[in-house]
Amino acid sequence: MSTTNTSGRRKTAVARIYLTAGDGNITVNGKDYKEYFPTLPLQYIVTQSTEVAGAAGNFDVKVNVHGGGVKGQAEAVRLAIAKALVELDPEVKPALRAKGLMTRDDRMVERKKPGRRKARRRFQFSKR
């Protein structure tokens, strides 16, 4: 039986997935993914990897995700699923890479510096 576990990250969201052969059920934190990610664009992001790889409906995915917001979590899940599919079948990697699904998006929020109002924004200058 083909099974694999991988993790994906985006911003501060971390997703751990367990991919097993099945009939396409995706469970996120104990809920169906359509209930956890209520909007269609987020649902599309979650299922994008399986559709590009041509494996939609062939695997059950159990996801534990925490941190970040819903969009970051959805993109973390997408990366984890893509990595798991490549682990099972390396021939799908070029198709996933062409769509940009194998690349970890490492953009993070810049930290706030001392003496500044935000990360880069300065306090208003007053001449007198």
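All residue numbers refer to positions counted from 1 along the written sequence of the respective chain. Selection of residues for local features in this predicted model requires a pLDDT of at least 70, selection of side-chain atom pairs for listing and counting requires 80 or more, and totals for whole chains, interfaces and linings are taken over all residues. Derived side-chain values reflect all non-hydrogen atoms in the structure, with water molecules and hydrogen atoms excluded from consideration.

Draft legend 1. Structural detail: the overall build of the protein. To qualify as a helix, a DSSP run of H or I must reach at least 4 residues; to qualify as a strand, a run of E must reach at least 2; elements of each kind are numbered from the N terminus. On a plain count of helices and strands, the protein comes out with 4 helices and 5 strands. In sequence order, the secondary structure elements of the protein are arranged as β-β-β-β-α-α-β-α-α. Its C-alpha atoms give the protein a radius of gyration of 18 Å, more than 25% over the compact-globule value 14 Å for 128 residues. Oriented by its inertia axes, the alpha-carbon framework of the protein measures out at about 75 × 30 × 25 Å. Across the 128 residues in the protein, those meeting the buried criterion constitute 35%. Counting contacts in the protein only where the partners sit at least 6 residues apart, residues at least 24 apart contribute 67% of the total. To be clear on the numbers: accessible area is Shrake-Rupley with a 1.4 Å probe, and residue cover counts the displayed protein chains and nothing else. When the accessible surface of the protein is totalled, it reaches about 8200 Å², and 51% of it is carbon and sulfur. Positive: Lys, Arg. Negative: Asp, Glu. His and the chain ends are not part of the count. To locate a charge, take NZ of a lysine, CZ of an arginine, CG of an aspartate or CD of a glutamate. One way to put it: in the protein the 26 positive side-chain charges average out to a point 20 Å from where the 12 negative ones average out. Throughout, the radius of gyration refers to the C-alpha atoms, and the reference size of a globule is 2.2 Å times the residue count to the power 0.38. Note on classification: 1.4 Å probe, protein chains only; a residue is buried when its accessible area is under 20% of the maximum for its type, exposed when over 50%, partly exposed between these limits. Should any heavy atoms of two residues lie within 4.5 Å, those residues are considered in contact.

Draft legend 2. Region of interest: the pairing of strand β5 (residues 59-66). In β5, alternate side chains face the same way, and those of Phe59, Val61, Val63 and Val65 are buried while those of Asp60, Lys62, Asn64 and His66 on the opposite face are not. Strands are labelled as partners when DSSP assigns at least two bridges between them. Relative to β5, strand β2 (residues 13-21) is paired through 8 bridges, and the arrangement is antiparallel. Each bridged residue has a counterpart across the sheet, and for Arg16 the counterpart in β5 is Asn64. As defined by bridge partners, strand β3 (residues 26-28) adjoins β5 across 3 bridges and the pair is classed as parallel. The residue of β5 that forms the bridge with Ile26 is Val61.

Draft legend 3. Structural view of helix α2 (residues 40-53). Multiplying one less than the number of residues by 1.5 Å gives the expected span of a helix. Compared with an ideal rise of 1.5 Å per residue, which puts 14 residues at 20 Å, α2 spans 20 Å between its outermost C-alpha atoms and is within 8% of the ideal. Note on bend: the value at a residue is the angle between axes fitted to the seven residues ending there and to the seven starting there. Along its length, α2 reaches its greatest deviation from straightness, about 50°, at Thr47. Residues of α2 that are buried include every one of Leu42, Gln43, Ile45, Val46, Thr47, Gln48, Ser49, Thr50 and Ala53, and no others. Turning to α2, the residues buried within the fold contact β3, α1 (33-36), α3 (70-88) and α4 (93-98). Remark: Gly54 follows α2 within two positions and exhibits a positive phi of approximately 75°.

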